[in-house]
Amino acid sequence: MKYLVVLFDGMADYPVEQLGGKTPLEYADTPNIDKLAKTATAGLIKTVADGLKPGSDVANLSVLGYNPDDSYTGRSPLEAGSIGIDMKETDVSFRANLVTLTDEPAYEDKTILDYCADDISTEDADVLVKFLAEKLDNEEFKLYSGVSYRHCLIWDKGTLDVGTLTPPHDITGKPIKEYVPTHENAQKLYDLMKKSYELLKDHPLNLERVKKGLRPANSIWLWGEGVRANLMNFKEKFGVKASMISAVDLLKGIGKFSGMNVVEVDGVTGYIDTNFEGKAQAAINEFKNGQDFVYIHVEAPDECGHRNEIDNKPKAISIIDKVILGPVTEYLASTGEDFKVLVTPDHATPLSLKTHTNDPVPFFIYDSRNPKNGVDTFNENTAKETGLFIEVGHTLMEKFINE
Ligand SMILES: [Zn+2]
C-alpha cells in the first residue's frame, strides 16, 4: 500500500462575489480532484481546535497525526530543525525576521514598513545575518542564517517567560512602540533588536538595495519562541517510511523532527511560480525508491489568500490538481499496487480576510481497494453535505493509514 497526501495550504475559503459566489475550490478547474472524490470518503475536518492559533504549524501537525497539545513547542524550533540547528534541551529559539523599519532616531518611534524586507533573497539575507552574527553573537546568543527573511536566534539557557512577542506580519504599517518586547526577561532580546538596527542601517548591502529601489533589511524582529520540538518518529507511530516535500522551512522542520526523508526540490518558491512539476517528479521518485508515504505540501493557495489574489487562488488550485495530483496518482495507478490519497488544506485562508481561520476544512480519502459513494465535485459545500465531521483533527491520519 502506498499513501499520498497532497496538502493544499490555505485552500479552504468562503464564497467570493467576484468568482460568481463560488469558493476558489468550487471555481477552480479540478478534474483530478473530482475524479478521485467520486469514489472517496469526503467530509469536514477540524484541524485547529478552538482556542489554538490557526497557524500552518499547528494545522499541519494535526493533519500528520500529532496532537498539537503535546507535540507543539513553538514555531521557531521547527524552523531551526529545518536549517540544521541541533537544539539543546536548554535552548530557546526565536524566529528572527529581517524587517524594514522607518528611520526615526529612537528605535521605539519607528514604524514597521515590511515584515519581510521586500522578500529579501536568501543570498542578500545571508550576508546581513552573518554580519550580525559576527558582531552580536556571544556566550548566550547565536544567530543562524535561514531562508529569505526567516532566520533564527538561539538563546542558551534562555526562558520562554518573555511576555508577548508579536509576529511582524500582523503589524505591518503600524508604529512598533506598542509591540516591542517590554517584559523584564526580554530586555536582552530588545537590546539585540536595537543593536541590529544600528549595525544594519548603513550596511553597504542595504545602501545598495535602496539604490535599486528595494527596501533595506534594517532590523531583526524576534518572535515565535519555543523549545526543542519532540515529535514521535512517524515510522514508529504509523509503520510507514515517509517523505516530506515542501518549499517551506516549517514543514521541512516537521519532516526532520519526525524522522521523514526531507526532499529538496530545485526552484520551489512557496508561491504560484513554484516548480510544481519538480514536486510531482520528486514524489514519484520517492515512491520508486521504496517510500510508502509522501506528503506534498503546496503553499501557493495560502499565499494567494494572504495577498487577496482572487484570480490566482483558483488558478493555483487548478495547477496543483493538474500538475501534481494528476501525474502522481496516475503513476501510483500504473504500478498496480493499492494506494490511498488524502487531499486536504491545513486551514482556511479566506481571500476576504487575508489571514487564517479555525473553520473546519473539506477533505477526502481515496482508497483504490474500496470505492465509496463519494461526491460528484469536491468543495467546501459538498464535503459538508456528506455529514462526516472529524472533530479532532489529529485522529484522521490514523484512519488514513490503518482503516
Ligand atoms: Zn498562511
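Residues numbered from 1 in each chain as written. Predicted model: local features only at pLDDT ≥ 70, side-chain atom pairs only at ≥ 80, totals over all residues. Heavy atoms only, no water.

Chemist: Would you explain the nonpolar core in this entry?
Modeler: General note: in soluble globular proteins, nonpolar side chains tend to be found buried as a group. Counting 45 residues, the largest nonpolar core has Leu4, Ile296, Val328, Phe364 and Phe378 as its most contacted members. The dominant element in this core, judged by the number of residues it contributes, is helix H13 (residues 312-335), at nine residues. In contact with Leu4, not counting residues within four places along its chain, are Phe287, Val294, Ile296, Leu325, Val328, Thr329, Leu332, Lys340, Val341, Leu342 and Phe400. By size, the runner-up hydrophobic cluster in this structure holds 40 residues, among which are Cys116, Leu153, Leu165 and Tyr190. (Core = buried A, V, L, I, M, F, W, Y, C linked by side-chain atoms within 4.5 Å. Buried < 20%, exposed > 50% of the residue type's maximum accessible area, 1.4 Å probe, protein only. Helix = DSSP H or I, 4+ residues; strand = E, 2+ residues; numbered from the N terminus. Contact = heavy atoms within 4.5 Å.)

Chemist: Hey, could you run me through the pairing of strand E12 (residues 361-367) in this one?
Modeler: On a regular strand, one side chain projects to one face of the sheet and the next to the other, so that they alternate. With seven of seven residues buried, E12 lies mostly within the body of the structure. Where burial is concerned, the two faces of E12 agree: the one with Val361, Phe363, Ile365 and Asp367 and the one with Pro362, Phe364 and Tyr366 are both buried. Here strand E2 (residues 41-45) pairs with E12 via five bridges, running antiparallel. In the strand pairing of E12, Ile45 is matched with Val361. The sheet contact formed by strand E11 (residues 339-344) and E12 spans four bridges and is antiparallel. From the neighbouring strand, Lys340 faces E12, where its bridge partner is Asp367. (Pairing = 2+ DSSP bridges.)

Chemist: Teacher, can you tell me more about unusual backbone geometry here?
Modeler: In most cases, non-glycine residues show a negative phi, while peptide bonds are predominantly trans. Positive phi is not limited to glycine here, since Ala117 has a value of about 45°. Relative to the elements of secondary structure, Ala117 occurs in the loop between strand E4 (112-114) and helix H6 (122-136). Residue class for Ala117 comes out buried when judged on its relative accessible area of 0%. Positive phi, close to 50°, is recorded for Lys157, a residue that is not glycine.

Chemist: Looking at this structure, I do not really get the domain arrangement of the chain. What am I missing?
Modeler: The figure often quoted for interface size is the accessible area lost as the parts come together. One can read the domain layout of the chain as domain 1 (2-72 + 233-402) and domain 2 (82-227). In this structure, domain 1 and domain 2 have C-alpha centres spaced 32 Å apart. Contacts between domain 1 and domain 2 engage six residues on the former and six residues on the latter. Taken together, the two surfaces of domain 1 and domain 2 that pack against each other cover about 500 Å², and 38% of this comes from carbon and sulfur. It is Lys53, Asp249 and Lys256 in domain 1 that bury the most area against domain 2; as a group they hold 67% of the surface buried on that side. Taken together, the connections running from domain 1 to domain 2 amount to two salt bridges. When the shortest N-O distance is used, the salt bridge between Asp249 and Arg150 registers 3.2 Å. The tally of links from domain 1 across to domain 2 stands at three residue pairs in polar contact (both at pLDDT 80 or more). When grouped by side-chain class, the residues that make up the side of domain 1 that touches domain 2 number no nonpolar, one polar and five charged. (Domains from an automatic or database assignment. Buried area = accessible area lost by both parts, 1.4 Å probe. Salt bridge = Lys/Arg side-chain N within 4 Å of Asp/Glu carboxyl O. Polar contact = N/O pair within 3.5 Å; in protein donor to acceptor, adjacent residues only side chain to side chain. Nonpolar A, V, L, I, M, F, W, Y, C, P; charged D, E, K, R; others polar.)

Chemist: What's the story with the coordination of the zinc ion in this structure? I'm lost.
Modeler: Geometrically, a metal with four donors at the corners of a regular tetrahedron has ideal angles of 109.5 degrees, and one with six donors at the corners of a regular octahedron has ideal angles of 90 or 180 degrees. Protein-derived ligands of the zinc ion are Asp302 (OD), Asp302 (OD), His306 (NE2) and His356 (NE2), with the metal-ligand distances lying across 2.0 to 2.5 Å. Each of the four donor atoms bound to the zinc ion contributes to angles spanning 56 to 143°, and the resulting shape is irregular. Along the chain, the residues that donate to the zinc ion are spaced as D-x3-H-x49-H. One end of the pair, His306, is in helix H12 (residues 300-306); the other, His356, is in the loop between E11 and E12, and 50 residues separate them in sequence. The exposure class assigned to His356 is buried, which follows from its relative accessible area of 18%. (Donors = N, O, S within 2.8 Å, 3.2 Å for Na, K, Ca; no water. Tetrahedral: all angles 85-135°; square planar, octahedral: opposite > 155°, others 65-115°.)

Chemist: Which parts of the structure should I look at to understand H6?
Modeler: For the α-helix, the turn length of 3.6 residues means that residues three or four positions removed from each other point alike. Between its terminal C-alpha atoms H6 stretches 20 Å, which fits the 21 Å expected from 15 residues at 1.5 Å a residue. Structurally, H6 contributes buried residues whose contacts are with strand E3 (92-101), strand E5 (141-147), strand E6 (150-155), helix H7 (187-200), helix H8 (204-211) and strand E7 (219-227). (Expected span 1.5 Å × (residues − 1).)

Chemist: In this structure, what is going on with the environment of Ala348? I would like to understand it.
Modeler: Position of Ala348 among the secondary structure elements: in the loop between E11 and E12. Classification of Ala348 as buried rests on a relative accessible area of 3%. For the pair Ala348 and Asp359, spaced 11 residues apart in sequence, the C-alpha separation works out to 6.5 Å. What Ala348 contacts, discounting residues up to four positions off in sequence, is Gly10, Ala12, Thr355, His356, Thr357 and Val361.

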